[in-house]
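Below, each chain spelled out in residue letters.
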2 protein chains.
Amino acid sequence: MSARKRHPVAPRPERFLEAHANNAAERCCDFGIRYIRIRTDYQGIPRGAVLVADRVIPDYPHIARVFALAAGIRQSLSGPFQVEEKIDGYNVRIFRVADRCVAITRSGRICPFTTDRLPDLLDMTALERLFIEHPDLILCAEVAGPGNPYMDMASPRGGDDVALFVFDLLRQGQEQLVPLAQRDALLSHYGLPFPRHFGCFTVNELTEVLEIVRHLDAEGGEGIVLKATLDDRRVKYVCPSINVEDVATEAALELELPGEFYIHRVVRMVMALHELGQRDRIHTLGPALGKALVSGFDQALHDMERTHKISKVYRIRLRQEASIKALLDHIDQDSRTISVQELARERLGNHWELTFRKTFRRSTSKLETLLAGSPIFD
Amino acid sequence: MSARKRHPVAPRPERFLEAHANNAAERCCDFGIRYIRIRTDYQGIPRGAVLVADRVIPDYPHIARVFALAAGIRQSLSGPFQVEEKIDGYNVRIFRVADRCVAITRSGRICPFTTDRLPDLLDMTALERLFIEHPDLILCAEVAGPGNPYMDMASPRGGDDVALFVFDLLRQGQEQLVPLAQRDALLSHYGLPFPRHFGCFTVNELTEVLEIVRHLDAEGGEGIVLKATLDDRRVKYVCPSINVEDVATEAALELELPGEFYIHRVVRMVMALHELGQRDRIHTLGPALGKALVSGFDQALHDMERTHKISKVYRIRLRQEASIKALLDHIDQDSRTISVQELARERLGNHWELTFRKTFRRSTSKLETLLAGSPIFD
């Protein structure tokens with residue numbers, strides 16, 4: 001399977017209305033901004049593309065994963081490529097519209113959290129200057145760190161709050177990504193934060209690329225993204241140890257997520273250890289992964305026995321009190337199986353500290369059924 | 001979900017012809033015996049029912065699993081119930097037709113292995129006498145042990161060959177199981193081997209039932225089947241440790257089996273440990289399960305690197321040389337994704353010892369794709 005070839009030009013605004021008429025798009029209004037987002041791929045317009053103030057914000061393209069790094073480079077990247085750190089967070093696109101900077105999520109909704117926190121994540125003076133000088137630019141960024149409201153993670157790096165890393169640039173009305181050299185010049189000129197760039201390599205420098213992965217893995221990093229220097233082609237590859245972290249983070253949701261979520265991580269980890277020449281680490285990573293898988297569900301079952309639900313508690317910071325409701329509504333609307341409940345809000349310097357609970361209704365209901373002794377045919 | 005209520009009377013022979021006309025049944029001829037088997041459930045006739053010599057051999061009903069034992073008993077078994085050991089093997093139905101005893105698999109094919117090995121598994125004189133005196137009886141049995149050609153298992157009990165355990169009786173032309181008291185009288189009268197019967201209990205004797213499970217688990221047993229004494233209702237429940245064994249046995253097939261195969265075993269194990277009051281064992285069983293999951297796939301990947309396939313080797317015994325081809329053809333026909341290859345046959349006393357390889361084509365092809373570095377969108 002290969003990525004859809006991107007057109008240089010994004011779909012015209014009329015096509016969003018057509019998508020809406022065909023139930024593939026949704027009209028939204030958040031922060032006083034009216035926009036149309038594509039809900040499901042529609043005749044060449046991918047999910048997540050947005051029409052706002054008659055401007056088209058293209059989607060951010062999905063990057064394919066390779067399980068074998070050397071072979072993957074040979075198959076997908078013929079020429080030179082840049083290696084960049086892959087950040088484990090959530091994907092946003094940031095742009096300026098109607099005199100304000102907004103961030104939209106991968107699925108094309110305005111993200112109340114990122115939009116609220118932009119002044120903490122970026123130098124707003126530099127950002128304003130960038131958007132005055134390049135009004136059509138879109139920052140493609142990852143927001144990572146334990147203080148984010150979407151992912152339950154205990155990143156070993158990044159403190160207790162969030163950080164933002166710009167990894168690509170797009171332009172309004174265009175589908176093609178800004179070429180890497182131009183992107184780097186803009187990032188540097190406006191002092192924007194970006195993930196580590198490890199340099200440019202060719203297929204003959206695999207030893208160096210494998211060494212970067214070993215180094216990142218030892219640091220607790222997620223992996224790398226490899227971007228062709230001469231065209232839009234790119235692939236991603238993850239470090240072995242992050243798979244244990246992923247399994248640990250989601251072990252409470254074993255009745256919610258597809259089984260492949262966990263098993264594919266075993267496959268990725270074992271293949272990475274073989275390729276990195278670290279097959280002996282199986283004897284420590286195997287038991288660690290099993291401990292994560294089993295202890296995580298044990299804890300979830302223990303919580304279920306006490307609280308009658310499977311849930312996770314998040315503690316995050318926001319700048320505006322009005323963003324609290326906007327964020328909780330956003331999470332609530334985003335999933336038919338997650339309910340959200342505010343537990344506490346507290347003033348903390350210039351921020352509000354919000355504590356809230358996400359209840360995973362599908363897991364809760366499945367586990368209720370099993371605990372009730374219902375007979376299951378499998 | 002509850003079991004289909006079984007009719008006292010099995011479907012009439014004409015209905016098998018009707019199912020065949022509607023592509024839900026298959027005409028077969030094995031060992032010179034012509035029969036029709038139901039391939040997919042057809043208007044109340046379940047998969048696995050067979051018409052042979054104008055006799056209807058009903059399917060063996062599926063038994064539902066409970067993840068919570070005490071609650072499951074309360075929900076599914078109102079009155080007294082018998083507790084029997086659940087044997088981890090494959091299910092056959094044995095009956096007499098056209099002057100010979102044959103065994104059919106769950107899916108209604110004549111099983112060349114069991115049919116060949118019947119004289120090693122049962123006292124044939126007693127069996128002949130049983131079928132003369134009760135020509136319509138059908139033995140429902142589990143064949144278990146490492147010397148079986150279908151399951152890759154290293155049962156801690158049962159030596160290196162197979163053993164057979166009769167756990168129920170059916171009658172030709174009837175769907176209802178023979179009542180337990182009558183079954184036990186017949187098993188005992190004809191000296192047929194059966195799984196351990198632990199006695200009769202009520203919902204007020206849960207402590208004793210849990211103690212049976214703890215005892216079986218310590219022995220390496222699979223679990224128990226609970227059968228209502230007064231009607232056809234029954235449920236099954238498995239011991240915690242067997243889940244680690246199951247994961248270990250199938251770890252090479254992580255790209256073949258659904259991810260739920262592995263993850264549901266984590267859920268079952270953790271729930272069983274909670275119910276048995278053995279939550280502290282999570283600290284040993286968790287790492288053991290992870291080691292099995294990861295080391296098993298590591299070994300499969302290592303084999304793939306050497307042999308370019310994911311396969312398992314079986315060594316089994318047969319009485320007749322002609323059964324070798326019949327068995328290999330049977331395995332080949334049974335799955336579109338498994339190929340079988342004879343590696344060696346050797347005379348061993350009264351038996352032929354057959355060594356063969358099963359190649360799992362789906363896993364092999366998926367792993368080939370990943371090793372080739374193909375980009376995967378996930």
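Residues numbered from 1 in each chain as written. Chains lettered and ligands numbered in written order. Predicted model: local features only at pLDDT ≥ 70, side-chain atom pairs only at ≥ 80, totals over all residues. Heavy atoms only, no water.

Residue and element names in this part refer to chain A. Here we have four strands laid out as an open sheet, ordered β1-β2-β3-β4, and antiparallel in their pairing. Here the strands that pair on one side only, and so sit at the sheet edges, are β1 (25-30) and β4 (55-57). Taking the axes of each pair of neighbouring strands and ignoring which way they run, one obtains an average angle of 25 degrees across the sheet. Relative to strand β3 (residues 50-52), strand β2 (residues 33-38) runs antiparallel, the two being bridged by three bridges. Of the residues in β3, the one forming a bridge with Arg37 is Val50. (Pairing = 2+ DSSP bridges. Helix = DSSP H or I, 4+ residues; strand = E, 2+ residues; numbered from the N terminus. Axes fitted to C-alpha atoms, helices over the stretch in contact; angles between N-to-C directions.)

Time to look at the pairing of strand β16 (residues 351-360) of chain A. Residues and elements named next belong to chain A. With 10 of 10 residues buried, β16 lies mostly within the body of the structure. Covered by surrounding structure in β16 are His351, Glu353, Thr355, Arg357 and Thr359 together with Trp352, Leu354, Phe356, Lys358 and Phe360, the residues of both alternating faces. The pairing of strand β14 (residues 311-318) with β16 spans eight bridges and is classified as antiparallel. Paired with Val313 across the two strands is Arg357, which belongs to β16. What sits between strand β15 (residues 338-348) and β16 in their antiparallel hairpin is a turn of two residues, with Gly349 showing a positive phi close to 60 degrees. (Buried < 20%, exposed > 50% of the residue type's maximum accessible area, 1.4 Å probe, protein only.)

Here we take up the domain arrangement of chain A. Residues and elements named next belong to chain A. What the domain assignment reports for chain A is domain 1 (61-241), domain 2 (243-307) and domain 3 (311-371). Just the C-alpha atoms count here: the centres of domain 1 and domain 2 sit 26 Å apart. Listed as interface residues are 17 residues of domain 1 and, on the opposing side, 16 residues of domain 2. Note on domain 1 versus domain 2: buried area summed over both sides is about 1,400 Å², and carbon and sulfur give 51% of it. Three residues, Phe67, Pro240 and Ser241, lead the burial of domain 1 against domain 2; their summed loss comes to 44% of the area buried on that side. Linking domain 1 to domain 2 there are one salt bridge. Put simply, Arg281 and Asp217 hold a salt bridge, and the shortest N to O gap is 2.9 Å. Where domain 1 meets domain 2, there are 10 residue pairs in polar contact (both at pLDDT 80 or more). Among the elements of the structure, α2 (69-76), α6 (206-219) and β13 (234-238) are those that each provide at least two residues to the side of domain 1 that touches domain 2. Sorting elements by how many residues they give to the side of domain 1 that touches domain 2 places α6 first, with four residues. Considering only residue class, the side of domain 1 that touches domain 2 consists of 11 nonpolar, one polar and five charged. (Domains from an automatic or database assignment. Contact = heavy atoms within 4.5 Å. Buried area = accessible area lost by both parts, 1.4 Å probe. Salt bridge = Lys/Arg side-chain N within 4 Å of Asp/Glu carboxyl O. Polar contact = N/O pair within 3.5 Å; in protein donor to acceptor, adjacent residues only side chain to side chain. Nonpolar A, V, L, I, M, F, W, Y, C, P; charged D, E, K, R; others polar.)

Moving on, we come to the relation of the copies chain A and chain B. Each copy superposes on the other: chain A lies on chain B with an RMSD of 0.0 Å after a rotation of 180 degrees and an axial shift of 0.0 Å. Taken together, the rotation angle and the small translation identify this as a two-fold axis. (Least-squares fit on C-alpha atoms with pLDDT ≥ 70 in both.)

Along the polypeptide, Phe297(B) turns up in helix α9 (residues 282-307). You can call Phe297(B) buried: its relative accessible area is 0%. Sequence separation of Phe297(B) and Leu169(B) is 128 residues, and the distance between their C-alpha atoms is 40 Å. The residues touching Phe297(B), leaving out its near neighbours within four places in the chain, are Val267(A), Val270(A), Met271(A), Ala251(B), Ala252(B), Glu254(B), Leu255(B) and Leu367(B).

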